[in-house]
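Geometric and topological summary
The chain contents come next:
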Amino acid sequence: MMFFFLFSVSGNASNPEFKKKKNSECLLRLRHEGLLNSCPAGVASCPASSCPFRSPRSPRLKLLESALLLGPRPTAGGMEFSELIRTGRAQAELLRGPGAPPLRGTLCVTGHHLLLSPGPQATSDLWLLLLRSVDSIEKRVAGDSGTITLRCKDLRVLQLDIEGVEATLDIARSIEALSSLESVITSFPFFYRPKGLRLGDAWHFHPPEHYYKRVARETNAWRLSEVNEDFSVCPSYPRAVIVPRAVDDDALARSARFRQGGRFPMLSYHHAPSGTVLLRSSQPLTGPQKRRCAEDEELLRAVLAGARPGARGFIVDTRSAQAAKQARMTGGGTEAKAAYPGWKRLHRPMERGRPLQESFVRLVEACGDLEQSMDRWLSRLEGCRWLAHVKEALSTACLAAQGMEREGACILVHGAEGTDSTLLVTSLAQLILDPLSRTMTGFQELVEREWIQAGHPFQLRCAHSAFSHARPKHEAPTFLLFLDCVWQLGRQFPLSLEFGEGLLLALFEHAYASPFGTFLCNSEKERCLCEVRTRTHSLWSGLNQPKEQRKLRNPLYVLNPLAIWPSVEPQSLRLWQGLFLRWTRPPEPSEAAWEKVWQIVTDKEKTEGSQPTVSASEPQP
Amino acid sequence: MEHIRTTKVEQVKLLDRFSTSNKALTGTLYLTATHLLFIDSHQKETWILHHHIASVEKLALTTSGCPLVIQCKNFRIVHFIVPRERDCHDIYNSLLQLSKQAKYEDLYAFSYNPKQNDSERLRGWQLIDLAEEYKRMGVPNSNWQLSDANREYKICETYPRELYVPRIASKPIIVGSSKFRSKGRFPVLSYYHREKEAAVCRCSQPLSGFSARCLEDEHLLQAISKANPVNRYMYVMDTRPKLNAMANRAAGKGYENEDNYSNIRFQFVGIENIHVMRSSLQKLLEVNGTKGLSVNDFYSGLESSGWLRHIKAVMDAAIFLTKAIMIENASVLVHCSDGWDRTSQVCSLGSLLLDSFYRTIRGFMVLIEKDWISFGHKFSERCGHLDSDPKEVSPVFTQFLECVWHLTEQFPQAFEFNEAFLLQIHEHIYSCQFGNFLGNCQKEREELKLKEKTYSLWPFLLDDQKKYLNPLYSPKSQAVAVLEPNTVSFNFKFWRNMYHQFDRTLHPRQSVFNIIMNMNEQNKQLENDIKDLESKIKQHKNKQTDGVLTKELLHSVRPESPTLKTSLCFKEQTLLPVNDALRTIEGSNPADNRWS
């Protein structure tokens, strides 16, 4: 059941003709944004009095509000959006930081958006903010007006100066309540219907079966198992997983019982040039009694046997040796040397969880201070340790990749749960080794396969970004750390990645707050339960539209068939200014330069393209 | 040469200073009169000019041989292992002698012969004409004139012969003022802003002590402010920290008292002196030379070295100067102690922000000739060309180049030249291969007869300018007429390509600049091809000649482009397998562009 929540029309008695014109413009724009594609309530059941499609003459704001303030009425004890919105509107001025001019107009809170509609004299467009992307909100009142500072998950800081104390407080409370709603199925992706995209379009874009086809072409030692068809063996794995052909489904199920969260060792990447594989799993549940599991041992033996006779393996544990040992007290642990012949364990401690989140918070704090001295800045950059984490991640990935490429060894990566630093290592190692994963499609497939379907708990990890005052529970910027490492690779090999910084920035934004369903939930199982695939749009179909390409692609890309080994010396790593200083530095010169690069490249294509036409007009004898 | 005892040592190992695997190249070391040469087993040559050597160190004997560490002024550090201690000792002693010359005449420039005749050499020296440059700025004019006071270096030995001063400043005023200024360096014109009719002037500190005055000096400053028809007050920038300037008063020097000079606004800027800068760079190099450096040690080292703080201070001073001229339309007088280090930095960087001409290749040469060479920045002492007082050595000019590099990073389209140009100039202030940077002032250079005995660097750079072009340069863009850099702390970065220019494992593995440059060239070539073809088609139509002939004509032009294309795309790739399979480095290599 759908409902509309209506506000009274503002007392702005302007020329009705003008209003009408503005209204239709507005509708067009909303349609264009994909916020209003068809009557969301369905024409038949639509209450005639309020449906924007029935009466295009209804006042402009009422129209917008009704169009955006949609949502199913949560039945199970939830609140309706209407109850969360204290006041719908106020006159306000929006300050968007350096470079962007302030906007004045009517501010309006709807179920999923904050929108500012400029007054009739203004020429600028409607301004929209997804409420979900608000990370923290701060309000101040003075005299008869108030100020709300919104810090967004994409690190933007916005300031709203609002007329009226009551209105300020009410709007602040509404934003606070609406931006922290936790229910997935009432979130915006379930209502977002962009123009030009069809529901369910790209959800079958990068299925695991697709990657299996590639592996099967390269080797016969692996098979696609549907042991997890109903998510009963491992709730955080996808339905289909790639496992050694020699191991049957029963053995997999038993190995799963020996691994935390059921994450038994599965194939992450097959490196054809050396015939070795990259596997990932969670920690074995050896516990204080040093338990063993025959099927788990058999599985890893089969991996080595499948690679080549006498192949060796390395287990890269992303915890310190001591932490791994301590994990035994709580039922976890590591693979015993004697139980896994041919496998050698290496410990590469990587930061995770809360310390990583704190590192992110401190870095963002430092980046927000424009007045600090050089010494203070450098000491804060050091103190936050973010770049040290980048170095750790890249060097561990290099270690895994070198093991495969140079020593011809199989690699198994795990930490504790195997859903965070494990994925960071496996995905980066692939990017270093595999030229296909450096293409636009390949990289999207990598993110889909190694992060989304691999069960990185996005919902938990990205619940809050760096500004939230809420006590962090499960938040950690593991995915952002991955994107940063990819950016560093791109800086060191500027011609070898088909995508540019734009794609990485887009992924960062969408992981934290998005109109698309791709990053919703924590695992495939949850996505199935919420019917994400059938009821939301996929980010990949959004990004792969032709109009987005210029922002996302690297114009200088040339296929590089070799491995790309980055330098991990501190002198070679750099702060990702495009992300961390995105909203505080003037972007013009660098953007203009990028535009110039595009222009040179397209010129090149043009001149090359025009040549055959000249020769085609060759006069015939 | 009497210093060379061993000319050739075999089985020498060259260690990579950042490789953790301790892998070494084995090869042969040759010692020549001018260079140290290492040829490894892949026939790759490493040339080290003796003049570039800052220090040679013999470490304790190891099982594999005797380690010899050579640190160069261009930040190259090589670590050899010589199998026999005696050879090592010989080379060590020879290098100690060869790298420190006592006389100018023994420097490389006096023996370097690029096969040019005398008229070519002279033309090279005339390439940059400062009189022409002042004319470009718009002087002499009704307010400024050329003074002949220093024609014979009588007033100031460290200034050039030609000086521009306010028209109303008479010779007695100039002479009087010069007696009141340290080393006689009285206020003269450095840059004239034609539109604003405002001037950038430079001088040294006044000999004011605690209370001394000089009426002529006061008159001269007044004359400078009067030469600006728009704004009657002028800024006096003392680029030193206030404490240093006050301490100088005890020695009879100091700074201008605002009460004695009418219409001046006095301002301290706070750039540290040459000794602080020298030890700051030393600390920086110590930190980043550490093997297996952690991220945290790197940043705490970067902070404690203070290097970037100093760079920011220089940049902020230049911005202050620019704003005084652009916003307040006021003339500015800049000085420090002697007016040849910090003053040169601030005046030249300020001019670079104000005037886009200095951001071209030729303009940048003019800028260096004007504010650094002609106004007596003591290149020989600051760069340690001769075996002289190590306390006079300081990376003042390097700092200037680094400031310019930061500007190129912030304004990627504003400069005609690229980073390689800056690195190449830096290479040659130490190389002593060309005459430009020898000596400490113009008078000394004339005495050395540099224009007859040595060559000028600039024509060689211009001949090679293709290497130094910035493919993104957009000179017409209005947004970069006057640069307004942002000096928030996080805009300053460690200049890896300078301080690690020879540590190739630390560099990006592919160069964007090169590929864009190639594309740009290819575009031009293809466009020419098209024009060529079109004109031929036209010709053909006009003449109605035999078709076979035309076809051949067309073919003669076309086959080039496909090869060009493949060479462009696969150049980077084919380079790869040649190098070490693991740590492949491609793209630009400044070392290949060297003259040496």
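Now for a look at the structure at hand. (Residues numbered from 1 in each chain as written. Chains lettered and ligands numbered in written order. Predicted model: local features only at pLDDT ≥ 70, side-chain atom pairs only at ≥ 80, totals over all residues. Heavy atoms only, no water.)

Quick look at the overall build of chain B
Which entries qualify depends on this criterion: Only DSSP runs of H or I with at least four residues qualify as helices, and only runs of E with at least two residues qualify as strands; both kinds are numbered from the N terminus onward. When checking whether two residues touch, look at their non-hydrogen atoms; a contact exists if any pair is within 4.5 Å. Areas reported here follow the Shrake-Rupley algorithm with a probe of radius 1.4 Å; residue values treat only the protein chains shown as occluding.
Across its full length, chain B carries 21 helices and 14 strands. The long-range fraction of contacts in chain B, counting pairs at least 24 apart against all pairs at least 6 apart in sequence, stands at 71%. Total accessible area computed for chain B in this model is approximately 24600 Å², and 50% of it derives from carbon and sulfur atoms.

Quick word on the overall build of chain A
For clarity, the threshold we go by: Relative accessibility decides the category of a residue: with a 1.4 Å probe and only protein chains considered, values under 20% of the type maximum give buried, values over 50% give exposed, and everything between is partly exposed.
Helix and strand content of chain A: 22 helices and 14 strands. The buried share of chain A, reckoned over its 621 residues, is 59%. In chain A, the share of contacts with a sequence separation of at least 24, taken over all contacts with a separation of at least 6, comes to 72%. Taken as a whole, chain A presents about 24700 Å² of accessible surface, with 53% of it coming from carbon and sulfur.

A word on the packing of aromatic side chains
Residue and element names in this part refer to chain B. The cut-off we apply is this: Aromatic contacts are taken between Phe, Tyr and Trp rings whose centres are within 6.5 Å, Trp giving its six-membered ring; a plane angle under 30 degrees counts as stacked, one over 60 as edge-to-face, and the others as tilted. Counting as a charge over the ring demands two things of the Lys NZ or Arg CZ atom: a distance within 6 Å of the ring centre and an angle within 35 degrees of the ring normal.
By the definition in use, this model includes 52 aromatic pairs over all chains. Consider the rings of Tyr112 and Phe434, whose centres lie 5.4 Å apart with planes at 75°: the pair is edge-to-face. In this pair, Tyr112 is assigned in the loop between helix H1 (85-99) and helix H2 (118-125) and Phe434 in the loop between helix H14 (419-431) and helix H15 (442-447), connecting sequence segments 322 residues apart. On the basis of an interplanar angle of 90° and a centroid distance of 6.5 Å, the ring pair of Trp495 and Tyr499 is categorised as edge-to-face. What links up through ring pairs into an aromatic cluster is the set Phe364, Trp372, Phe379, Phe397, Phe400, Phe415, Phe417, Phe421, Phe437, Trp458 and Tyr468. In this structure, Arg76 is placed above the aromatic ring of Phe502, and the distance from its NZ or CZ to the ring centre is 4.0 Å.

Side note on the environment of Ala366 of chain A
Within the fold, Ala366 of chain A resides in helix H9 (residues 353-367). As for Ala366 of chain A and Leu378 of chain A, which are separated by twelve residues in sequence, their C-alpha atoms are 9.5 Å apart. Those residues in contact with Ala366 of chain A that lie beyond four places of it in its chain are Gln372, Trp377 and Arg380 of chain A together with Phe490 of chain B.

A few points about the side chain of Glu445 of chain A
Residue and element names in this part refer to chain A. Going by this rule: Polar contacts, as counted here, are pairs of nitrogen or oxygen atoms within 3.5 Å of one another; within protein the pair requires one atom able to donate a hydrogen and one able to accept it, and residues that are adjacent in sequence qualify only if both atoms are side-chain atoms.
By the element assignment, Glu445 lies in helix H13 (residues 440-452). The class of Glu445 is buried, set by a relative accessible area of 12%. Of the polar contacts made by the side chain of Glu445, one reaches the side chain of His210; its length is 3.4 Å.

Focus on the packing of helix H11 (residues 361-374) of chain B against helix H13 (residues 396-410) of chain B
Residues and elements named next belong to chain B. Let me state the cut-off plainly: A fitted line through C-alpha atoms serves as each axis, taken over the contacting stretch for helices, and the angle formed by two N-to-C directions is quoted from 0 to 180°. It is the rotation of the near helix from the far one that decides the hand of a crossing: anticlockwise by less than a right angle makes it left-handed, clockwise makes it right-handed. Ten residue types, Ala, Val, Leu, Ile, Met, Phe, Trp, Tyr, Cys and Pro, are classed as nonpolar, four, Asp, Glu, Lys and Arg, as charged, and the remainder, Gly among them, as polar.
Where H11 contacts H13, the axes come no closer than 13 Å and their chain directions differ by 145°. Between H11 and H13 the crossing geometry is right-handed. The residues of H13 that touch H11, namely those facing Phe364, Leu367, Ile368 and Trp372, are Val396, Phe397, Phe400, Leu401 and Val404. Taken together, the residues of the contact of H11 with H13 break down into nine nonpolar, no polar and no charged.

Side note on the environment of Lys531 of chain B
Looking at where Lys531 of chain B falls in the secondary structure, it is placed in helix H19 (residues 512-543). Between the C-alpha atom of Lys531 of chain B and that of Arg123 of chain B, which follows or precedes it by 408 residues, the distance is 36 Å.

Some details on the pairing of strand E3 (residues 113-118) of chain A
Residues and elements named next belong to chain A. Keep this limit in mind: Only strands that DSSP links by at least two bridges are regarded as paired with each other.
Burial within E3 is extensive, with six of its six residues counted as buried. Both faces of E3 are covered, namely the face carrying His113, Leu115 and Ser117 and the face carrying Leu114, Leu116 and Pro118. Strand direction decides the pairing type here: strand E2 (residues 103-109) and E3, joined by five bridges, are antiparallel. Within the sheet, the bridge partner assigned to Gly105 lies in E3 and is Pro118. Two successive antiparallel strands, E2 and E3, enclose a turn made up of three residues. Both E3 and strand E4 (residues 127-130) contribute to a ladder of four bridges, which runs antiparallel. Within the sheet, the bridge partner assigned to Leu114 lies in E4 and is Leu129.

Thoughts on the environment of Tyr358 of chain B
All names here are of chain B. By the element assignment, Tyr358 lies in the loop between helix H10 (342-354) and H11. For the pair Tyr358 and Ser348, spaced ten residues apart in sequence, the C-alpha to C-alpha distance is 9.1 Å. For Tyr358, the contacting residues outside a window of four places in its chain are Glu133, Arg136, Met137, Tyr191, Ser351, Leu352, Gly363, Phe364, Val366, Leu367, Lys370 and Phe417.

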